[in-house]
Amino acid sequence: MNILEPLYGKLYTIHRLDRLTSGLVILGKTSPVAQEWGKAIMNRNCKKAYLARVAGKFPLNCSKDLFLKGMTRAPVNGEWVDIEARGSDEAVLAERQRNSHGWWVENGDGTIIEKAQLDNIFECQRNEDEWLRSEDNKKKGETSQADLLWFHLACPTRIAKPKDGVCEAGTFETLDDDLYMKTVKSAETSFGVVKYDEETDSTIVVCRPATGRTHQIRLHLQYVGHPIANDPNYGGDIWYGNEGGKEACKMAQKKLDAFQSGSSDALTEQTEPVVSTPMDVPATEEEIRSGVSNAKQAEQESIHDFIRRTCVWCARSASGGTDRSTLEFLIRSSGIWLHAFQYTFFEDSSVDGTKSFRAPLPPWYE
């Protein structure tokens, strides 16, 4: 926003992406416009499409026990629509039963394919445009490709630790009833296979979330046994397919652990020992006073330089020399293989007409 506003004037947020996710972000030039478009997203009148690179041959690792047999009608947004509570005592039970859990297959027209196997889904590889065209046509009531096989997963999610951003997916059968009602939400995502790369044993998939739960796509991919390949928080490996990177990451973590413990093993090639404060220790009064005394942005100083100069944790990181900054870079993810590719707003939303926005393909697509 700070980079764009000097060029375009005041901008307003319509939606957000996870910090580690790349791709499309739509901004409004006026507050009313941003509110209208944001409302369309909240009301699910916007079809979102993401690209992800996942580990293995998707979806062959998924458990066949999760297959929803004998369905005549698919869940809607991860819920069975014909389940209602008959009294207050049954509210929790009804909520647990309403949140559907399992996978099924539909063709491009939305017809449930009861006999489709996981192998059939993997072999149904199409480019991203074919997958997205089929879904958009179905939304508009037009004929689509009946030979496409969409893999649908309904699986509830919850934010387990809001302060730490820790989320979970599952049935939550053992979760306390009160906590279940407060935190568990229905969730549904559809996936289409784009292509498989044998050299890296990874698959690129199109992901279409029907709901917008926190970390939903990442959780659902982990749940079916195909995590985003380099997502370290949900089953992936930050240096997936890069053995040199994995080894460097282990060495960096070992040195940083030594920094935290004050061990001499962590010292860089300097003549004087480095006195460093662990990054998870709260700011001291001296650090705060020092930050406050410098907390005035110079006339020609960029916002990034200002933050770097006054931030307590930036100063702590710098205290370990450039070596420490490099170590931090090696163990922290700068981005995962999940890309917001296309958002399409339809005529029945608060936005006039059908409008579609698309980001360029990510560098890891090839």
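Residues numbered from 1 in each chain as written. Predicted model: local features only at pLDDT ≥ 70, side-chain atom pairs only at ≥ 80, totals over all residues. Heavy atoms only, no water.

Caption draft 1: Geometry of a nonpolar patch on the surface. Residues Ile-3, Leu-4, Leu-7 and Tyr-8 make up a contiguous nonpolar surface patch of roughly 460 Å² in combined accessible area. Within the secondary structure layout, Leu-7 lies in helix 1 (residues 5–8). (Patch = residues over 30% accessible without salt bridge, like charges linked within 9 Å, V, L, I, M, F, W, Y side chains within 5 Å. Areas by Shrake-Rupley, 256 points an atom, 1.4 Å probe, with all protein chains shown as cover. Salt bridge = Lys/Arg side-chain N within 4 Å of Asp/Glu carboxyl O. Helix = DSSP H or I, 4+ residues; strand = E, 2+ residues; numbered from the N terminus.)

Caption draft 2: Quick look at helix 3 (residues 91–98). Those residues of helix 3 lying buried are Ala-94, Glu-95 and Arg-98. Projection of helix 3 onto a plane perpendicular to its axis shows the buried side chains occupying an angular sector of 100°, all on one side. On its buried side, helix 3 packs onto helix 6 (177–183). (Buried < 20%, exposed > 50% of the residue type's maximum accessible area, 1.4 Å probe, protein only. Arc of directions from axis to C-beta. Contact = heavy atoms within 4.5 Å.)

Caption draft 3: Main features of the packing of aromatic side chains. Per the counting criterion, the structure on display carries 12 aromatic pairs. For the pair Phe-151 and Phe-191, a centre-to-centre distance of 6.4 Å together with 45° between the ring planes defines the contact as tilted. With Phe-151 in strand 6 (residues 150–154) and Phe-191 in strand 9 (residues 188–197), this pair connects stretches of sequence that are 40 residues apart. Take Phe-151: its relative accessible area is 0%, and that puts it in the buried class. Judged by relative accessible area, which is 0%, Phe-191 ranks as buried. Site record: aromatic cluster; members linked through ring pairs are Phe-58, Phe-67, Trp-103, Phe-151 and Phe-191. Across from the ring centre of Phe-172, 6.0 Å away, lies the NZ or CZ of Arg-158, which sits over that ring. (Phe/Tyr/Trp six-rings, centres within 6.5 Å; stacked < 30°, edge-to-face > 60°. Lys NZ or Arg CZ within 6 Å of the ring centre and 35° of its normal.)

Caption draft 4: Geometry of helix 2 (residues 31–42). Across its 12 residues, helix 2 extends 16 Å between first and last C-alpha, which sits within 8% of the 16 Å expected from 1.5 Å per residue. All of the buried residues in helix 2 are Ala-34, Trp-37, Gly-38, Ala-40 and Ile-41. End-on view of helix 2: buried residues confined to an arc of 155°, all on one side of the axis. For helix 2, the exposed residues lying more than 90 degrees away from the buried face are Pro-32, Gln-35, Lys-39 and Met-42. Looking at the buried residues of helix 2, the elements they touch are strand 1 (12–13), strand 3 (27–28), strand 4 (46–55), strand 11 (338–345) and strand 12 (355–358). (Expected span 1.5 Å × (residues − 1).)

In short, geometric facts, not functional conclusions.
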